[in-house]
Amino acid sequence: MNKYYHFTSYNNLDSISMYGLVPQNGDRCKSIDDERCAVFLSKGMDKTIVMYASIYNYYYHNSGMIGLKKIDDYKKSIIRWEKSLDFGMSYNQTSDMINKYTKAIEEIKKMVTYKSFSDYLGGDGCILSISNMNNIISDYPEDSVCNNVIPPTNINVVVLRNKMTKEIIDSRDVVISYFMSKYDPRIVMKDIMDQDIKTNVGLYYQINTNYMIYNEKNYEIDEIPIDFYNYFYGKVKALNY
């Protein structure tokens, strides 16, 4: 049976442990003008790396000073298109381009409000694994969707256990690093047709070198049913905040 993965923030775990993963169109979807209402998943560890790298690179190239620079450039483009009417440019084409840049500005304005990549993802969080589901659409494995509620009984929290200290780590970034340690980036990129996505994966392997630490030599991977996790580990985590 295929295994799928889903990113979430810690503050969602109470709800997920009670009601499961419910299809929705969240802030991250809206930030990329994605109107789908679904539970968004990635099929397998390798495709989860692809999706995470793509999300990270989208955030990086549209936030902070880079995002503000894009807004300024788009505003200048709007002015140029407005002036093009004086030189006989088609009104419909001009209007379409102005609308395109205006929409892009509004989307990036939302992006620059996020303080960090973690903030963009809804706060610090973990990775959930989903199994024993046969109604997941995987036309694009890194961007798989489920249009139905995924019950808590099908959901686990992915954790790493330090082989020496037995310490449990559930951090989303750390678990992604472990996933990365299992794959040569050339293998992950091998079947990616979209050059931009392929570039995203290569760059993320250069940026996030934590996979040199969080790997099978030092850690073992485990999964904890979300109801048990939320009852025991969730309470401990809440007390530490």
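It should be emphasised that the depicted structure is a prediction, and the values quoted were computed from it without experimental measurement.

(A) Quick look at helix α5 (residues 91-111). With 21 residues, α5 should reach 30 Å at 1.5 Å per residue; the first-to-last C-alpha distance of 30 Å fits that figure. Near the N-terminus of α5, the side chain that reaches the backbone nitrogen of N92, with its oxygen 3.3 Å away, is that of S90.

(B) Local environment of the environment of M212. With respect to the helices and strands, the residue M212 is situated in the loop between α9 (195-207) and β8 (219-225). Placed 31 residues apart in sequence, M212 and S181 show a C-alpha to C-alpha distance of 6.8 Å.

(C) How the structure looks around the side chain of S131. Inspection of the secondary structure puts S131 in the loop between β3 (125-130) and β4 (136-137). Residue classification places S131 among the buried residues on the basis of a relative accessible area of 19%. In contact with S131, not counting residues within four places along its chain, are N2 and N154.

(D) Spotlight on the packing of aromatic side chains. Considering all chains together, one arrives at 13 aromatic pairs under this definition. Both rings, one in Y56 and one in F117, keep their centres 5.1 Å apart while their planes meet at 85 degrees; by these two values the pair is edge-to-face. Residue Y56 is located in helix α3 (residues 44-60), and its partner F117 is located in helix α6 (residues 117-120); the two are separated by 61 residues in the primary sequence. On the accessibility criterion, Y56 (18% relative accessible area) is buried. On the basis of an interplanar angle of 45 degrees and a centroid distance of 5.6 Å, the ring pair of Y59 and F117 is categorised as tilted. Taken together, the residues span a long stretch of sequence, with Y59 in helix α3 and F117 in helix α6 at a distance of 58 residues.

(E) Quick peek at the pairing of strand β2 (residues 39-43). The buried fraction of β2 amounts to four of the five residues, a majority that puts the element mostly inside the structure. Strand direction decides the pairing type here: strand β1 (residues 4-9) and β2, joined by two bridges, are antiparallel. Looking at β2, one finds that Y5 is bridged to S42. As defined by bridge partners, β2 adjoins strand β5 (residues 144-146) across three bridges and the pair is classed as antiparallel. The residue of β5 that forms the bridge with V39 is C146.

(F) Broad picture of the packing of α3 against α9. Contact geometry of α3 with α9 gives a least axis separation of 8 Å together with a crossing angle of 85 degrees. Considering their axes alone, α3 and α9 lie roughly perpendicular with respect to each other. Of α9, the residues touching α3 (which contributes I49, V50, Y52, A53, S54, Y56 and N57) are I197, N200, V201, L203, Y204, Y205 and I207.

The rules behind the values
Residues numbered from 1 in each chain as written. Predicted model: local features only at pLDDT ≥ 70, side-chain atom pairs only at ≥ 80, totals over all residues. Heavy atoms only, no water. Helix = DSSP H or I, 4+ residues; strand = E, 2+ residues; numbered from the N terminus. Expected span 1.5 Å × (residues − 1). Polar contact = N/O pair within 3.5 Å; in protein donor to acceptor, adjacent residues only side chain to side chain. Buried < 20%, exposed > 50% of the residue type's maximum accessible area, 1.4 Å probe, protein only. Contact = heavy atoms within 4.5 Å. Phe/Tyr/Trp six-rings, centres within 6.5 Å; stacked < 30°, edge-to-face > 60°. Pairing = 2+ DSSP bridges. Axes fitted to C-alpha atoms, helices over the stretch in contact; angles between N-to-C directions. Parallel < 35°, antiparallel > 145°, perpendicular 65-115°, else oblique.

Such coordinate-based values are descriptive only and should not be taken to indicate function.
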